[in-house]
Amino acid sequence: MTLAKPTFPAPDHDHGRCTAEAIAHAEQVCAKRAQKFTPIRRQVLQALLSSHRPLGAYEVIDELAKSMPRPAPITVYRALDFLMENGLVHRIESRNAFLACAHDHDATAMVAFLICDHCGSVGEIPASPVAQSLNAAARASGFLPKLSVVEIAGTCAHCQKAL
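Bear in mind that the values here come from a model prediction, so they are computed numbers and not experimental data. (Residues numbered from 1 in each chain as written. Predicted model: local features only at pLDDT ≥ 70, side-chain atom pairs only at ≥ 80, totals over all residues. Heavy atoms only, no water.)

**Observations regarding the side chain of Ser51**
Link 1 in the chain: You can see Ser51 is positioned in the loop between helix H2 (39-48) and helix H3 (57-64).
Link 2 in the chain: Residue Ser51 is classed as buried on the basis of its relative accessible area, which comes to 18%.
Link 3 in the chain: At 3.1 Å, the side chain of Ser51 forms a polar contact with the backbone nitrogen of Arg53. (Helix = DSSP H or I, 4+ residues; strand = E, 2+ residues; numbered from the N terminus. Buried < 20%, exposed > 50% of the residue type's maximum accessible area, 1.4 Å probe, protein only. Polar contact = N/O pair within 3.5 Å; in protein donor to acceptor, adjacent residues only side chain to side chain.)

**With respect to the packing of aromatic side chains**
Link 1 in the chain: Using the criterion set out here, one finds zero aromatic pairs in the structure.
Link 2 in the chain: In this structure, Arg41 is placed above the aromatic ring of Phe82, and the distance from its NZ or CZ to the ring centre is 3.6 Å. (Phe/Tyr/Trp six-rings, centres within 6.5 Å; stacked < 30°, edge-to-face > 60°. Lys NZ or Arg CZ within 6 Å of the ring centre and 35° of its normal.)

**A short note on unusual backbone geometry**
Link 1 in the chain: Of note in the backbone geometry, Ala34 takes a positive phi value of approximately 55° without being a glycine.
Link 2 in the chain: Tracing the backbone shows Ala34 in the loop between helix H1 (15-32) and H2.
Link 3 in the chain: Taking the relative accessible area as the measure of exposure, Ala34 reaches 71% and is therefore exposed.
Link 4 in the chain: Although it is not a glycine, Asn96 sits at a positive phi angle of roughly 50°.
Link 5 in the chain: Among the secondary structure elements, Asn96 is positioned in the loop between strand E1 (89-92) and strand E2 (97-100).

**Observations regarding the pairing of E1**
Link 1 in the chain: Bridge count for E1 against E2 is four bridges, and the pairing is antiparallel. Residue Val89 lies in a different strand from E2, and its bridge partner there is Ala100.
Link 2 in the chain: Following E1, the chain reverses through four residues before pairing antiparallel with E2; Asn96 in that reversal takes a positive phi of roughly 50°. (Pairing = 2+ DSSP bridges.)

**Some words on the pattern of salt bridges**
If charged atoms from side chains of opposite charge come close, those side chains can pair.
Link 1 in the chain: Per the counting criterion, the structure on display carries six salt bridges.
Link 2 in the chain: Glu27 is paired through a salt bridge with Arg42; the nearest N and O atoms lie 2.8 Å apart. Here Glu27, found in helix H1, pairs with Arg42, found in helix H2; they are 15 residues apart in sequence, far enough to count as distant.
Link 3 in the chain: Taking the relative accessible area as the measure of exposure, Glu27 reaches 36% and is therefore partly exposed.
Link 4 in the chain: Here Glu63 makes a salt bridge to Lys66, at a shortest N to O gap of 3.1 Å.
Link 5 in the chain: The exposed category is assigned to Lys66, whose relative accessible area is 67%. (Salt bridge = Lys/Arg side-chain N within 4 Å of Asp/Glu carboxyl O.)

Here it is, written out as structure tokens:
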């Protein structure tokens, strides 16, 4: 029996294992879809995996610049686009930032992002029924929805315990 991944990993979790599993997941997704997981795509994903907080594109560039020549922004944006198209990265709209995703779903899956105001971590939960209801309500009013993003700000369980 496979245990579900926690919405918010414990602060003391094995982050090296967490990162390795996410990279292995990305390799499997790319192989299954006959997509190239190029070195820059891998490096961008690894930069995003450096924490469970979303990073802006320029924060990704800063993270990459620690271990390689500073990449051009267009290079990073292209890698981010590829990773998003393949469901390996999500865009957190309210933060104008990106979050690595190791969940086993495709890019069309509806999810809600739980954003902790205290530690900055972002959790992901299924939200298809909510998003479908919102889209149906929008269509009923004559509006054609293009993008549904559900983001909920609050306090994660780990931070609640620390308060």
